[in-house]
Amino acid sequence: RLHFDGVYYLAHVWLNGHQLGVHEGGYTQFEFEATQFLRPGRNHLLVEVNNTPTLTSIPGLPAASDPGLPYGTAARCIDPWMPYGGINRPVSLLITNAVYFRGMKIDAQPDLNSGKAALTIHAFLHNGSEKEALADPAGTIAMLAVHFQPVSIPAGGDAELTWTGVLPNAHLWSVRDPFLYHATLSLPGDEIGANVGVREIRVRGTELQIGRAHV
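Criteria and cut-off values
Residues numbered from 1 in each chain as written. Predicted model: local features only at pLDDT ≥ 70, side-chain atom pairs only at ≥ 80, totals over all residues. Heavy atoms only, no water. Phe/Tyr/Trp six-rings, centres within 6.5 Å; stacked < 30°, edge-to-face > 60°. Lys NZ or Arg CZ within 6 Å of the ring centre and 35° of its normal. Pairing = 2+ DSSP bridges. Helix = DSSP H or I, 4+ residues; strand = E, 2+ residues; numbered from the N terminus. Axes fitted to C-alpha atoms, helices over the stretch in contact; angles between N-to-C directions. Core = buried A, V, L, I, M, F, W, Y, C linked by side-chain atoms within 4.5 Å. Buried < 20%, exposed > 50% of the residue type's maximum accessible area, 1.4 Å probe, protein only. Contact = heavy atoms within 4.5 Å. Polar contact = N/O pair within 3.5 Å; in protein donor to acceptor, adjacent residues only side chain to side chain.

A few words now on the packing of aromatic side chains. A full pass over the atoms with the stated rule returns 5 aromatic pairs. Ring geometry for Phe 30 versus Phe 32: centroids 5.6 Å apart, planes at 65°, classification edge-to-face. Between Arg 1 and the ring centre of Tyr 100, over which it is positioned, the NZ or CZ distance is 3.6 Å. A cation over an aromatic ring shows up here: Arg 199 above the ring of Trp 173, its NZ or CZ 5.1 Å from the ring centre.

Here we take up the sheet that holds strand β8 (residues 91-93). Strand order across the open sheet formed by 3 strands is β5-β1-β8, with antiparallel pairing between neighbours. Unpaired on one side and paired on the other, β5 (30-32) and β8 mark the two borders of the sheet. Sheet twist, expressed as the average angle between the axes of neighbouring strands with direction ignored, equals 20°.

A few words on the nonpolar core. Within soluble globular proteins, side chains that are nonpolar tend to cluster in buried spots. Ranked by size, the top nonpolar core spans 32 residues in total, and within it Ile 121, Leu 125, Ile 141, Phe 148, Leu 167, Leu 185 and Val 198 carry the most contacts. If you list the elements that add at least two residues to this core, you get β9 (99-110), β10 (117-127), β11 (133-135), β14 (151-153), β15 (158-167), β16 (181-187) and β17 (190-196). Look past the residues within four positions of Val 198 in its chain and what remains in contact with it is Ala 108, Pro 110, Ala 117, Leu 167, Ala 170, His 171, Leu 172, Trp 173 and Tyr 181. Core analysis: the second largest hydrophobic core is formed by 10 residues, Phe 4, Ala 11, Leu 15 and Phe 30 among them.

On to the side chain of Ser 57. Within the fold, Ser 57 resides in the loop between β6 (45-50) and β7 (86-87). Side-chain polar atoms of Ser 57 contact the backbone nitrogen of Thr 54, separated by 2.8 Å. Sequence-distant contacts of Ser 57, that is, excluding residues within four places in its chain, are made with Tyr 9 and Thr 52.

Right, let's get into the sheet that holds β6. Reading across from one edge, β4-β3-β6 is the order of the 3 strands in this open sheet, with antiparallel pairing throughout. With partners counted over all chains shown, the strands left at the sheet margins are β4 (18-24) and β6, one partner each. The average undirected angle you get between the axes of adjacent strands in this sheet is 15°. Sheet topology note: the strand β3 (residues 10-15)/β4 ladder contains 6 bridges and is antiparallel. By the bridge assignment, Val 13 is partnered in β4 with Gly 21.

Here is the structure:
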């Protein structure tokens, strides 16, 4: 697969004259299956990028009817950061088995009274082969063993697996102590990893608070 860590803002991608797809969003990763279009020797990759701000892009043009705008600024004003254009993060070619990780999501909810944290891992898998395949991913998070129930994924299909566990004596993340736990999941021929902080975020009145001490 061709994997892009970031292209700002709207990307059209071709490989050897075949359009792989389109992606919108300058700060999100994306990738396209490239197996059937790759050829021995030299390959030609073309990425067309458009960074023109619109009413729906991020950042975007404000609506012309916005009463808070000074007269005559609606066509020029965007949010206060530079809308850089182009391939602004690394591009890589990923080679794995036909069954691979599309992504992983980790939720960590601390209990500030007990010091424990409830962990939930969602693993997203894809089977790029032409026949059904069995997947049995496993891994670790914060030195805890992570095991999923084996799942059968149809040809060209996807699967989502969920694991839950409890982390005792959780080391909480804070601005002064930005501690991160590491998580890794693996399959034959593929591996995915992520760093995660344990913290509680709450809204009290007009304040956004990050909890790190027992209350």
